[in-house]
Every structure is written in C-alpha cells, then in structure tokens.
Amino acid sequence: ESAPARAPGAARAPSARFHSPRRASYLVRRAPCRDPRPSLRVPGAIAEPEVAEADAETSESAGSSADAGASGSPGGFSPAPSGGTAIKKRAKKKRKTVLSEAARKEKLEMDSDFCRMVRRYDPEAIRQEALQTPFALAARGAKVFSTFGRLFARKEAMMTLDAADGGTRYAEAFKDALTSLGPLFVKLGQNLANRPDLVEEDLMEELTRLQDRVPPFPTGEAFDIIREDAGVEIKQVFATITPEPVAAASIGQVYKATLVESLGGNEVAVKILRPGTRPQVILDLFILRAAAETFFDDFARTNLGCPATLLVDEFAEKLLEELDFTQEALNLRDFKRNFADDNAVQIPGVYQNLSSKRVLVMDWQPGVRCTAEGAFESPEARRIFLQNGVESGLRQLLDFGLFHGDPHPGNVLALPSGDIAYVDFGNVAEISRANQESLIDAVVHVMNKDYDALAVCLSDLGFLEAGSDVRPVAEGLAEVWGTDTLSAIASNGNFSFRGLTKEFNKLLFMYPIRVPERFSLVIRALLTQENICLTLDPSFNFLNAAFPYVARRLLTDPDPNLRARLFKVVIVKGKFEWSRLRELVQMAEAGASGGVKVPVRVALDLVADTTKMLATDGDTRSMLLGGLRAVPLRMHVAEACSLAVMILGMTVGKWWRASAPGRALRKWWVNTAYALRRAFAARVKSDLPNADKTGPDAGFAVA
C-alpha cells in the first residue's frame, strides 16, 4: 500500500537508513552479506537490504530488556528495586552512556583520520595491473604528458592575455585538455570544480561547465555485452529495445527497452559500460598517482598537510565505484528504500537479477530535465518541486547520511505535478552519524561566534591535520565569517551557499586546510541544487525553504544529542540569551526577503513538537530550565515583550509593504524623492556657469 500524499513542509517520522555494506562497512559494523545479488521474485522490486543500520542504543535497550526479563518473576511481575539495586542500575546506565560516547568518538576519529582512509581498492594492485601492459602504458603516458606539456607551455602567455582583458583562455584550454583525455580526466575536472583547496576560483568556475558528452559506441558492441553477461539472447530478456542509445556519456550509454512478459513487461532503462573504459582508467590512475607523488607531493604536504597520493586515492576510490554497476544497483536499492515513505520523490526500481558489473537494468523513470521549458503544469507545481528538492536533499544529508553526489539538472527530473525524480546513482557518498552531528555543531559554533570551537570542529571533520595548531585558523575564520560578512550574505534577501563558500575559500591558500572528498561532494551537491533553484526561480530563498524541515528535524529526532543542539544556539555558557533569539529572528526575517515566511500551521506544529520534546527529554528540559533560571524573571518578561513587539512589527511591516496602500505610498515616495533630486541637480547645474563668471568669491555667495 502506498504512503499517503504529503504536502511540502509536513513532518515525517524518522525512517530507517539503509546503506550498502560494501560502501559503509568502516562506518557501522555489519554482518557479512550471504548473497550480494539476491534474485528478485517480482521484476523491479526492491531487494531487502542485507543488514539495516542498527543503533547501539537499540542493542543496549534490547539487552536491558533481556536482563529485566531474566531477573523478573515467572509471572512477569518485577518488584520495586531496592536501594542497592537502584544504585547498580544508575551505575550501569552511566557506564552505558560512557561506552556510547566512546563509541561515537571512535567512529568520529575513524571518519576524520586526516591521512588515513579505509581503501576499497589497492594502489599496489592498480600498479601491477597497469604494468602488465607496458606498451599501452607507455603510449598512454606519452599522450597524457604531451597534452599537458603543450598546455603548460602556453600557460604564461594565455594568463598574461587573460589578465589584460579579463578573459578565460587558460581555463578553457585546461578544460578542453581534460575533455580530450577521456573518462578519468573528465571526472577529475568535475572533481576539481569543487576543490577550492586545489585550484583557483576562475578555473573552478570554468570547470563547472565541463560536459560529460561523447559520441556513443556502436550498438552491436553494447548488445554483445548484454549477451555475454546475461548468458542468453537479448530477445529472451527484452521484448523491444531501441536500436540507438537515448543517452551517452564517457562511462556508458543508456537504451530504452521493454521486458518480456515473463519478466513483467515493464519499460526499463538499460545502462551499459563503455568497452575499454576500465583498462584505460587503470592506466590513467597509475599515471596520475605517479605524477602526483613526483610533482605535487611537496605542495600537498606544505599546504594541505597530507601526501598527494591520498588525494588521488580518494578520487580513485569513487571513480572505481562508478565503473561497477553492481555497486550502482545497490545504491539504487538503498535510495528506493530510504524514500519509500515519500510519494513526492521517485527513485527507479532496480532489477538486480538482470544486472551485472557492466549492465544495469532499472525501471524507466518518467520525467523531463528539471530546467526544461514547460516542465511544470503551473507556477504552483514549480514551487512544490523546489520545496521537494530542498527537503529531499536535506533528508539525504541529515536523515540517511547517504546522498546523491551529482544532482545536476540531467540527473534531477521533474514531473508536471511538481514531484521530483532522481536518476544516475553512480556517484553516491555518505556521511556518518558522528559527522552529521559535527556538521550541526559547526553551524552552532558559527551562530555563537565561537570560532575556536569551530576550528576544532573542522579538525574533527578532517579539514585540518590532527594535532595541528587551530588558533591561526580560528582567527582566519573570525575574519572571513565575522558578523559583518554573515549579515551581508543574508541581508540582501537571498542567502547564497556560493557566497558563503567563497568567503571560506579565502582561507584555503592561507592555512593547511584540505576539503575531504566526501565533503567536496556535499558542497557540490548543495551548490548544484542551489543553482537549479535559482535557475527556476531567481527569487527563491534556500533558507526559507529549509527552515521548517530543519527545525522539525532537530525537534523530533530520536537522538537527544541532536535535539540538544537546538538549544545550544540560545543557551550560551549556561545562560539563556534573549539577544541570540532576537538575532535568529532577525536573520530569518532578512533571509526571507522581508518577512518570516513560516505558515501558521507549521509554526503551531513547531510549538507542539517543542512541548513534546521538553515533556519527554529530561536532559534537554534541564538544560533549558537551567538557562532560564540564570536570567532574572524581570528580564524574561521585558525581553519576551520586546521580542513580541519586534515580531509584530515585522508582520505588520510585511503586510503593509504587500498591501495596495503601502505599495502606492512607497511608489509616491520614490517618485517624489527622484523629482527632488532631479530638481536639485538641475538648479546646481544652472548656477555653475554664473559662479565661474563672477570669480571664486561668488561661489560662497551662491552657497
């Protein structure tokens, strides 16, 4: 039975998070999978995940229940605990809390280890495989080095011309060179477009235009791959299939087909890996790693605090995942399961029994490119699509920890009603629960202007080398993200992630900061989504769309550690700060283009969620009450009244500006002021010749 329809902004119960064991085994310990490719009884159905992500708290509570059952009487009645028993239970609870916190810290340390990563590929194996074809390796190396040699020989001349006329000759030539070298270098360019720690801003901007479009390979070769991997003739699997691909890229191409009736008869998309891609990528990885170690290692160690080979290894790991369609099938399955409760987000079903490392069969996903003209049936449908896009992106990041790493307009499809559909799950990344909490901590530290704690948080997330001195970085953060800067970014009525990251990028060449691969994908996903929103609606405000979801997320999350972070914004050093609450309201007002655009229903739901949280969460309630007690009652009354007056003024001001009399009065005032300035300018201009004729002293007489 399908889930009921949901209006944008409505709350959802936190859903289970599913991840492929191959991808997340170093984040959460899981039992091994018995069958990595289970056969599906119903074509297009979702295979049940091997092991769902399990929280330590669940295991602990289960253990506690078992202990209670074992110690209880046969009839199920448990006598009231004695004093000694109560002490033992409190000690046991405290011990569990310590163990849980230790496990969380251990997981965070594993995620943030600056110069060590859990590799899912072996560089030594790549080296040995590349050296097995020495002539091909030599030929490929000659082509790569000659291409970049010609580029760097002309670099100085092109940059001189660019400096003279503001052109982008070098950036365009660099992009063309990457495109000419094939799949790995195309992906490298797309990666560098989100790495401000490695390339300069003008080159990053040009690389964002890098297109992964190449001519398709022959259909005969594609059909041969299907036959080889399926072990049967094509007509035994597909009743019909297009003679030419409907889409082609550097890694593979897609055909539209219909399954035979015995397999369900559904329309499907068949994605086929381009022949020869993996052997060429293996050679290119060997060349890239050797070049990085030879020419780039000193720069990386000095400016980023890690060896250059680590950067290549991070990039190679994600690229090799994209070349394995079995992994993409698992990604599809996990995403489908995660969004099973949301009819507004569509994910194609995957046929794992028909897929292999080189062939991926999935349901044909209806929809059009989200930026295409006429994609929506009405402006309201477009608004719903934007809201669905923001909320689905935030769910991926904050709910599931598993997110689409490349949500460009070609991979984000729109349906006329405003529903959203995602395709192409080769580039998928994840963030652990500990990293999610650290990200929220970083936001809280920015709002609290606690840049020392923010620098420590960046170190925890892997942006800084472990043990490095964070004080200079904290000073730099205070300079680029100070009060004036953040206010300027929000005060124009259009908060911009690009503006925020642009300020942060100033630090990357001043301090040994690097952007971990998973967070470069987060930045890329957020910036791409923001660009889509602004393309569809230039007045769209990301914060305005995200506010209801984020607030409800913090208030309703089952993890008390996450909920407590909400109050850290307004409770600073054990004291409730009314000025901080006032600043939050003012930031929300500025970021929402002149008014807090929160529907009354959502506001009432937030109040209800807050009340429920305070009633059930003793730690959060104690923190709030302690902060309130630290402030005199008289000040509470005065500040609450002042805040109410401010919110009332915002509401009335918003209503007045939107009303017909308000617009008319504003128009009259603008026209009157313009007329007065014009009259004054004309008077001054007419008096200037007289002043020149009568000498210098006449100027004082006129004045």
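Calculation notes
Residues numbered from 1 in each chain as written. Predicted model: local features only at pLDDT ≥ 70, side-chain atom pairs only at ≥ 80, totals over all residues. Heavy atoms only, no water. Helix = DSSP H or I, 4+ residues; strand = E, 2+ residues; numbered from the N terminus. Buried < 20%, exposed > 50% of the residue type's maximum accessible area, 1.4 Å probe, protein only. Contact = heavy atoms within 4.5 Å. Areas by Shrake-Rupley, 256 points an atom, 1.4 Å probe, with all protein chains shown as cover. Axes fitted to C-alpha atoms, helices over the stretch in contact; angles between N-to-C directions. Parallel < 35°, antiparallel > 145°, perpendicular 65-115°, else oblique. Nonpolar A, V, L, I, M, F, W, Y, C, P; charged D, E, K, R; others polar. Core = buried A, V, L, I, M, F, W, Y, C linked by side-chain atoms within 4.5 Å. Expected span 1.5 Å × (residues − 1). Polar contact = N/O pair within 3.5 Å; in protein donor to acceptor, adjacent residues only side chain to side chain. Pairing = 2+ DSSP bridges. Salt bridge = Lys/Arg side-chain N within 4 Å of Asp/Glu carboxyl O. Patch = residues over 30% accessible without salt bridge, like charges linked within 9 Å, V, L, I, M, F, W, Y side chains within 5 Å. Left-handed = near helix turned anticlockwise from the far one by under 90°.

Trainee: So what's going on with the overall build of the protein? Residues and values would help.
Mentor: Helix and strand content of the protein: 28 helices and 13 strands. Burial status across the protein gives 46% buried among its 703 residues. Within the protein, residue pairs in contact and separated by at least 24 positions form 72% of the contacts whose partners lie at least 6 positions apart. Accessible surface for the protein amounts to roughly 36,100 Å². Of this, 60% is attributable to carbon and sulfur atoms.

Trainee: A description of the packing of helix 8 (residues 183–192) against helix 11 (residues 277–303) should follow, citing residues and the corresponding values.
Mentor: Packing of helix 8 against helix 11 leaves a shortest axis separation of 8 Å and a crossing angle of 60°. As summarised for this structure, helix 8 and helix 11 are arranged oblique, according to the angle between their axes. The segment helix 8 lies against helix 11, with Pro183, Leu184, Phe185 and Leu188 engaging Thr277, Gln280, Val281, Asp284, Leu285 and Leu288. Residue composition of the contact of helix 8 with helix 11, by class: 7 nonpolar, 2 polar and 1 charged.

Trainee: Run through the nonpolar core, naming residues and quoting values.
Mentor: Where a protein is soluble and globular, its nonpolar side chains tend to be buried together. Core analysis: the biggest nonpolar cluster contains 84 residues, and Phe174 and Phe385 have the highest contact counts within it. Residues within four places of Phe174 in sequence aside, it is in contact with Phe148, Leu151, Leu192, Leu203 and Leu207. Grouped together as the second largest cluster of nonpolar side chains are 30 residues, Leu397, Leu458, Leu508 and Val522 included.

Trainee: Could you give an account of helix 13 (residues 325–338), with specific residues and numbers?
Mentor: Spacing of three or four residues puts side chains on the same side of an α-helix, whose turn is 3.6 residues. Between its first and last C-alpha atoms helix 13 spans 20 Å; for 14 residues at 1.5 Å apiece the expected length is 20 Å, and the two agree. The buried count for helix 13 comes to 12 of 14 residues, which makes it a mostly enclosed element. The N-cap residue of helix 13 is Asp324: its side-chain oxygen and the backbone nitrogen of Thr326 are 3.1 Å apart.

Trainee: Run through the pairing of strand 6 (residues 359–363), naming residues and quoting values.
Mentor: In terms of burial, strand 6 is largely enclosed, as 4 of its 5 residues are buried. The sheet contact formed by strand 4 (residues 267–273) and strand 6 spans 5 bridges and is antiparallel. Pairing of Val270 across the sheet is with Val361, part of strand 6.

Trainee: Any details on the pattern of salt bridges? Residues and values, ideally.
Mentor: Per the stated rule, a full pass over the model turns up 23 salt bridges. Between Arg289 and Asp313 there is a salt bridge, and its shortest N-O distance comes to 2.9 Å. Residue Arg289 is found in helix 11, and its partner Asp313 is found in helix 12 (residues 308–322); the two are separated by 24 residues along the sequence. For Arg289, a relative accessible area of 23% translates into the label partly exposed. Asp313 sits in the buried class, given a relative accessible area of 0%. Notably, a salt bridge pairs Arg333 with Asp334, separated by 2.9 Å at the nearest N-O pair. A relative accessible area of 1% places Asp334 in the buried class.

Trainee: Pulling in residues and values, what's your account of a nonpolar patch on the surface?
Mentor: Judged by side-chain polarity, Leu648, Val652, Trp655, Trp656, Leu665, Trp668, Trp669 and Val670 come together as a nonpolar surface patch covering roughly 920 Å² of accessible area. Counting only elements with at least two residues in the nonpolar patch, the list comes to helix 26 (633–658) and helix 27 (660–694). On the secondary structure map, Leu665 appears in helix 27.

Trainee: An account of the sheet that holds strand 10 (residues 420–422) is requested, with residue identities and associated values reported.
Mentor: Strand order across the open sheet formed by 4 strands is 5-10-9-7, with mixed pairing between neighbours. On the outer flanks of this sheet lie strand 5 (345–346) and strand 7 (368–369), each paired with one strand and no other. Two strands pair when backbone bridges link them, and strand 9 (residues 412–414) and strand 10 are joined in this way by 3 bridges, in the antiparallel orientation. Following the sheet pairing, Leu413 is matched in strand 10 by Ala421. The strands touched by helix 14 (residues 379–400) within the sheet are strand 5, strand 9 and strand 10, with strand 10 carrying the most contacts at an inclination of about 45°.

Trainee: How would you sum up the packing of helix 8 against helix 12? Please name residues and give values.
Mentor: Direction vectors running N to C along helix 8 and helix 12 enclose 125°, while the axes themselves pass 11 Å from each other. On the basis of the axis angle, helix 8 is oblique to helix 12. In terms of crossing hand, the pair formed by helix 8 and helix 12 is right-handed. Residue-level inspection shows Leu184, Lys187, Leu188 and Asn191 of helix 8 in contact with helix 12, the latter providing Phe315, Leu319 and Glu322. Across the contact of helix 8 with helix 12, the residue classes break down as 4 nonpolar, 1 polar and 2 charged.

Trainee: Outline the environment of Phe315, supporting the account with residue identities and numerical values.
Mentor: Residue position: Phe315 is located in helix 12. Separated by 128 residues in the primary sequence, Phe315 and Lys187 place their C-alpha atoms 9.0 Å from one another. Not counting residues within four places of it along the chain, the set of residues in contact with Phe315 comprises Leu184, Lys187, Leu188, Asn191, Leu288 and Glu517.

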